[in-house]
Amino acid sequence: MVEIEYRKTRIKLGDTDLVYEPAEDSFLLADAALKDAKPGMRILEIGTGSGFVSSVLLTNLKEIYLVATEINPHAARCAKMNGVKVIRTDLFKGIKSKNPENLFDLILFNPPYLPTSEEEKVPGWLNYAFDGGISGRDTLDRFLDEVRDYLKLGGEILVLISSITGLDAVKAKMEKLGFEVEVVARKKVSFEELMVVKGKLL
Ligand SMILES: C[S@@+](CC[C@H](N)C(=O)[O-])C[C@H]1O[C@@H](n2cnc3c(N)ncnc32)[C@H](O)[C@@H]1O
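Just so it is clear, the model here is predicted, and its values are computed rather than measured.

## Re the overall build of the protein chain
Next, step 1: Looking only at helices and strands, one finds six helices and nine strands in the protein chain.
Next, step 2: The C-alpha radius of gyration of the protein chain comes to 16 Å, within 12% of the 17 Å expected for a compact globule of 202 residues.
Next, step 3: Here the C-alpha coordinates of the protein chain stretch approximately 40 × 40 × 30 Å along the principal axes.
Next, step 4: In the protein chain, which comprises 202 residues, the share counted as buried stands at 50%.
Next, step 5: Look at the contacts in the protein chain between residues 6 or more apart in sequence, and 62% of them connect residues 24 or more apart.
Next, step 6: On the protein chain, roughly 9700 Å² of surface is accessible, and the fraction owed to carbon and sulfur atoms is 51%.
Next, step 7: The averaged location of the 31 negative side-chain charges in the protein chain is 6 Å from the averaged location of its 28 positive side-chain charges.

Below, the structure written as structure tokens:
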């Protein structure tokens, strides 16, 4: 099985026809999360894929509690193999909201962020890694509508988007939902610029 190493962490990739292979977006989010997260935090990663970002945090941070969700069963299996506690579910389903035990300091999501038409969909479970709907923001918008119910007051979210996802639309939605918004990381990759957007719940 193919393995990669990143920030002192070895990650098994599984079948990359079925599970998203960590790429520049995953690396940018993992590095931003490493800067933001503190020992002792309760962290939730939505859409963990191979478990890459969560594994990097678990290796490099002491005493964090981390749980992840993932809709693709092949990816959920891969993340488990990489030592991530993962719930196979759609976004937050399966985590009871507003229960103090289910409130987090930090919630991460590298969503499917590409604007995708019917003809551009890829077959099978892997489509969930890429398909952001026509706007590129379908899954991210659903995430943003629900995420407050799982955050402690003063808690933060880190979401990965691309310049083609539309920073202004994402910022406007986050601000409307009560977040203070800041772009905390950027990287140009061929035709797009990847960004990590931080939202702090006021
Ligand atoms: C761009 S990939 C990122 C994977 C991994 N976090 C990384 O950074 O390498 C997006 C991931 O989110 C998952 N996903 C998409 N929609 C989801 C949903 N509604 N609920 C849970 N996971 C979802 C996909 O299956 C995929 O694994």
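From this point on, the discussion continues.
## A short note on the nonpolar core
Next, step 1: Ranked by internal contacts, the top residues of the largest apolar core, which has 31 residues, are I43, F52, L57, L106, L108, L158 and V196.
Next, step 2: Here this core gets five residues from one element, more than from any other, and that element is helix 1 (residues 24-36).
Next, step 3: Those residues in contact with L57, other than ones at most four positions away along the chain, are A33, L34, I43, I64, L66 and L108.
Next, step 4: Among the nonpolar cores identified, the runner-up in size contains 26 residues, and L91, I107, F143 and V170 belong to it.

## Things to note about the pairing of strand 9 (residues 192-201)
Next, step 1: Within strand 9, nine of the ten residues are buried, which leaves the element mostly enclosed by the surrounding structure.
Next, step 2: Note: strand 7 (residues 151-162) against strand 9, seven bridges, orientation antiparallel. Across the sheet, the residue bridging to I161 is M195, located in strand 9.
Next, step 3: Examined bridge by bridge, strand 8 (residues 179-189) and strand 9 share ten bridges and lie antiparallel to one another.

## Re the site of the ligand
Next, step 1: Of all residues adjacent to the ligand, which total 20 residues, the nearest are S26, G47, E70, D90 and L91.
Next, step 2: The side chain of D90 places a nitrogen or oxygen atom 2.7 Å from a nitrogen atom of the ligand.
Next, step 3: In the complex, 98% of the free accessible area of the ligand, which totals 590 Å², lies under the protein chains.
Next, step 4: When each cavity is represented as a set of grid points, the ligand is found to reside in the largest pocket.

## Focus: the pairing of strand 1 (residues 3-6)
Next, step 1: Bridge count between strand 1 and strand 2 (residues 9-12): four bridges; the pairing is antiparallel. Each residue of the ladder has a partner; that of I4, found in strand 2, is I11.
Next, step 2: Count of turn residues in the strand 1/strand 2 antiparallel hairpin: two residues, of which R7 carries a positive phi of about 45°.

## Overview of the packing of aromatic side chains
Next, step 1: Evaluation of the coordinates by the stated rule reveals eight aromatic pairs.
Next, step 2: Ring geometry for Y6 versus F27: centroids 4.8 Å apart, planes at 20°, classification stacked. One end of the pair, Y6, is in strand 1; the other, F27, is in helix 1, with 21 residues separating them in the sequence.
Next, step 3: According to the relative accessible area criterion, F27 is partly exposed, its value standing at 22%.

## Overview of the layout of surface pockets
Next, step 1: Roughly 710 Å³ of internal volume is contained in the largest pocket.
Next, step 2: Secondary structure elements with two or more residues in the lining of the largest pocket: helix 1, strand 3 (42-46), helix 2 (52-60), strand 4 (65-70), helix 4 (127-130), helix 5 (138-147) and strand 9.

Calculation notes
Residues numbered from 1 in each chain as written. Predicted model: local features only at pLDDT ≥ 70, side-chain atom pairs only at ≥ 80, totals over all residues. Heavy atoms only, no water. Helix = DSSP H or I, 4+ residues; strand = E, 2+ residues; numbered from the N terminus. Rg over C-alpha atoms; globule rule 2.2 N^0.38 Å. Buried < 20%, exposed > 50% of the residue type's maximum accessible area, 1.4 Å probe, protein only. Contact = heavy atoms within 4.5 Å. Areas by Shrake-Rupley, 256 points an atom, 1.4 Å probe, with all protein chains shown as cover. Lys, Arg positive; Asp, Glu negative; His and termini not counted. Charge placed at Lys NZ, Arg CZ, Asp CG, Glu CD. Core = buried A, V, L, I, M, F, W, Y, C linked by side-chain atoms within 4.5 Å. Pairing = 2+ DSSP bridges. Near = heavy atom within 4 Å. Polar contact = N/O pair within 3.5 Å; in protein donor to acceptor, adjacent residues only side chain to side chain. 1 Å grid on protein atoms, 1.4 Å probe; cavity = no way out; pocket = protein on both sides within 12 Å on 5 of 7 lines; lining within 4 Å. Sits in = over half its atoms within 2 Å of the grid points. Phe/Tyr/Trp six-rings, centres within 6.5 Å; stacked < 30°, edge-to-face > 60°. Points joined across faces, edges and corners; volume = space filled by probe spheres on them.

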